[in-house]
Each structure stands twice: as structure tokens, then as C-alpha cells.
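# A closer look at the structure
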Amino acid sequence: MNATFYSKIFLLISFLTSSLIGFTQVGDGKITVSGSSSISVAPNLINVEIGTTEYYKKTGKNDSVKVTLAEIDKQVSSILNAAMVPDSLITLNQIGNYYWGQRNSDFLMGRSITVTLTDISQLEFLSENLGIPGITSFRIASTDRSDMEKYNLQGLNTALERAREKAESMMKDINGKIICPVEIEETGPVYYDEVENMVTAMDGSPMMLRAAKNMSFDNLRKITRRYNVKVTYLFITQQQETSK
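Our subject in this report is the structure included herewith. Since the structure is predicted, the reported quantities are computational estimates derived from the model, not experimental observations. (Residues numbered from 1 in each chain as written. Predicted model: local features only at pLDDT ≥ 70, side-chain atom pairs only at ≥ 80, totals over all residues. Heavy atoms only, no water.)

## Some details on the nonpolar core
Ranked by internal contacts, the top residues of the largest apolar core, which has 26 residues, are Ile50, Leu80, Leu117, Leu123 and Leu126. Per-element tally for this core: the top contributor is helix 3 (residues 69-82), with 5 residues. Excluding anything up to four places from it in sequence, Leu80 contacts Ile50, Val85, Ile90, Val115 and Leu126. Core analysis: the next-biggest nonpolar cluster, separate from the first, contains 20 residues, Val41, Leu160, Ile223 and Val229 among them. (Core = buried A, V, L, I, M, F, W, Y, C linked by side-chain atoms within 4.5 Å. Buried < 20%, exposed > 50% of the residue type's maximum accessible area, 1.4 Å probe, protein only. Helix = DSSP H or I, 4+ residues; strand = E, 2+ residues; numbered from the N terminus. Contact = heavy atoms within 4.5 Å.)

Okay, here's the thing in C-alpha cells:
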């Protein structure tokens, strides 16, 4: 998973193997075991996509006026500022033709806004305040951590430690001794529990607004990742060690 990390491990293996070459020539053996671990950490990168579309607002019994994307963007920007989201973490995506309007044979334009949040409280604030006309969707695209690599290494190290513990436990049955690892393989992709939520609030309807405000984000408070490795160790038995 991490080239630098694996390079260090294999350099260590090479050093140990070369140092012990004379020791292992007499009746050496190999044993292969698996190890696994998991970690759970709070996300500090929550990527959200907000869908917006122009709409018509009634100004009288038979009259209406189109609310443009620029006006909707201004409203969304105000809410994001209130949520303490800096402009550097907000991306206004390209405008496109959303659908053919029924009034005045006019196009209604739409776009998506990508926002990166750094705290779950910001997500809760947005879910409570984005149920306004012009917001067509509110989607949580992904969660991550800015320092996830550190936790990946931690999880992989723990999996390797558990593999060694298993090997050492097996050695007790044959009066053997683990010397060093000679092969390390990650047996499955590092993965995390995928989380995705979507609330569609068509023109800020009361029903969808209530749904947005009642959203539960409990499943987003932690990122869970799992790690699996297979390790082959060089070992000797007590008899081989004595004969040496």
C-alpha cells in the first residue's frame, strides 16, 4: 500500500537474512500466517455536493419571476459562511442546462457546488439550513482524513504484529523459534466502510426540508478501515539451534 513503508521492511528483511545466512543453512523452515486489524478515526475532510437549479418565484396571482443561479449562489454562499466554511474549500462547478422550462419556453440552468467540510458540526448546520428554494440536492460524497496515511501505517503495523504473534504461538507447539520475515503480502485492499447520504429538497418543500433537518450523521462520525496481511517467516526448531 505504501512503497516507502514496504521498502523499509524489505531492506530490514534483506539485512537480517544476510546476517543470519550461516545460521539458517542448517535445517531451516518456513511458516506462513495471516494478520488483520482495523482502525476507526474521526473524519476531518467531508466532501459535500450541493445541487442548485434556477426556478420561478410567484410575484402575483398570474405572474412569476425567474430566480437566477447568481441569486441562488449568493444565498448558498451566505449559509456556507455562517457554517465557517472558507472560500478556498468551495468550488462552483460548470453551469449546464438542467431542463427545459415550461414557462416562456426558457431553459432553467443548474450547477453543483462542491464543498469540503472539516467538522461534522458544519455538516449538521448545513443540513438544517440548506432546505431553501433552488437547492435540488444535498449529497455527502465522501469522508476522509488529511493525515490518513499515518493511520494506514498504524493499521498495517498492527496487522503485521498480530501475524507475528500468531507465528510465535504456533512455534511453541514444535519448540521452534521465529528468525525473520522473508515475504510480506497484503491479501486484500485496504478499504473503509463506504458512507453516502442524499437528501433531495425540491424547491425547499416542507416535507423534504423536515427530512433534511432530521438527518442522522452517526454513521459518518467515524472512518473504519481494515487491513489484512500474509507473512512468511523463517524459523528453526530448538534441535536445529542446539546442533548449530
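Next comes the rest of the description.
## Regarding the pattern of salt bridges
In total, this model carries 9 salt bridges according to the counting rule given. When the shortest N-O distance is used, the salt bridge between Lys150 and Asp147 registers 3.5 Å. We classify Asp147 as partly exposed; its relative accessible area is 24%. Taken together, the shared-partner salt bridges connect Arg145, Asp147 and Lys150 into one network. (Salt bridge = Lys/Arg side-chain N within 4 Å of Asp/Glu carboxyl O.)

## Details of the pairing of strand 7 (residues 107-117)
If a strand is regular, its side chains alternate between the two faces of the sheet. Both strand 2 (residues 45-53) and strand 7 contribute to a ladder of 8 bridges, which runs antiparallel. For Ile50, the partnering residue across the bridge sits in strand 7 and is Ile113. Of the pairings in the sheet, the one linking strand 5 (residues 90-92) to strand 7 comprises 3 bridges and is antiparallel in character. Directly across from Thr91, in strand 7, lies its bridge partner Thr114. (Pairing = 2+ DSSP bridges.)

## Quick notes on the side chain of Arg225
Locating Arg225 in the fold gives a position in strand 12 (residues 223-237). Here Asn152 takes part through its side chain, which lies 3.2 Å from a polar atom of the side chain of Arg225. (Polar contact = N/O pair within 3.5 Å; in protein donor to acceptor, adjacent residues only side chain to side chain.)

## Observations regarding helix 4 (residues 120-129)
Residues of helix 4 that are buried: Ile120, Gln122, Leu123, Leu126 and Ser127. Buried positions in helix 4, seen along its axis, are confined to an arc of 155° and lie on one side of it. (Arc of directions from axis to C-beta.)

## Topic: the environment of Thr114
Residue position: Thr114 is located in strand 7. A relative accessible area of 24% places Thr114 in the partly exposed class. Taking the C-alpha atoms as reference points, Thr114 and Glu49, separated by 65 residues in sequence, lie 4.6 Å from one another. Once you skip the residues sitting within four places of it in the chain, Thr114 turns out to touch Val48, Glu49, Leu89, Ile90, Thr91 and Asn93. Side-chain polar atoms of Thr114 contact the side chain of Asn93, separated by 3.0 Å.

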